[in-house]
Amino acid sequence: MTGRLAGGLWPVAVLGAILVVVACTRDEMPRASDGRALFLEYCSVCHGESARGDGEMARAMSTPPKDLTLIALRHGDSFPRAKVLSMIDGYARSDLDGPSMPEFGELLKGDLVPLDTGDGVMTPTPRKMVALLEYLESIQATR
């Protein structure tokens, strides 16, 4: 048997192991429904349950929160995954004046999952941030 594995069956065994790992990884990836729960917990007070910028705190804010269902439309019908992640974690907002969206980077840390933000590179990203990103991408309006 060892001779058969070493000779011709080992590629099949390796391929089978790879497929098992890939199947498990896909099942464990965050879904939009996971992100909706996070959105309702952390974002809806300002952006509203519908993500249209009509949350409880919206009227009290000097700069109203954005309608998050229009992100893709504002970017030429393309959802800018890397930019949205940067807004969530606070990286892209470090130069804004006055009170603005809280930085959730620290809050959303945890186990990491591979994410392609559009550049073809799988980047380890906190699971909760990926879930929130998946949810936001799933609610985008179309023309």
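Quick note: structure is the one above.
All values reported here derive from a predicted model rather than from experimental measurement.

**Quick look at the overall build of the protein**
Within the protein one finds 6 helices and 2 strands. Its helices and strands in sequence order give the protein the pattern α-α-α-α-α-β-β-α, from N to C terminus. Counting over 143 residues, the protein shows a buried share of 29%. As displayed, the protein has an accessible area near 9400 Å², and 59% of this comes from carbon and sulfur atoms.

**Considering helix α5 (residues 81–89)**
Within the sequence span of α5, burial applies to Arg 81, Val 84, Leu 85, Ser 86 and Ile 88. Tucked into the core, α5 has its buried residues touching α4 (71–74), β1 (112–116), β2 (122–126) and α6 (127–138). Looking at the residues trailing α5, positive phi occurs at Gly 90, about 95 degrees.

**Quick notes on the environment of Asp 54**
By the secondary structure assignment, Asp 54 is in the loop between α3 (44–47) and α4. A C-alpha to C-alpha distance of 8.1 Å links Asp 54 and Asp 67, two positions 13 residues apart in sequence. In this structure, Asp 54 is in contact with Cys 46, His 47 and Gly 48, ignoring residues within four places of it in sequence. At 3.5 Å, the side chain of Asp 54 forms a polar contact with the side chain of Ser 50.

Parameters and conventions
Residues numbered from 1 in each chain as written. Predicted model: local features only at pLDDT ≥ 70, side-chain atom pairs only at ≥ 80, totals over all residues. Heavy atoms only, no water. Helix = DSSP H or I, 4+ residues; strand = E, 2+ residues; numbered from the N terminus. Buried < 20%, exposed > 50% of the residue type's maximum accessible area, 1.4 Å probe, protein only. Areas by Shrake-Rupley, 256 points an atom, 1.4 Å probe, with all protein chains shown as cover. Contact = heavy atoms within 4.5 Å. Polar contact = N/O pair within 3.5 Å; in protein donor to acceptor, adjacent residues only side chain to side chain.

Don't take any of this as a statement about function, it's just geometry.
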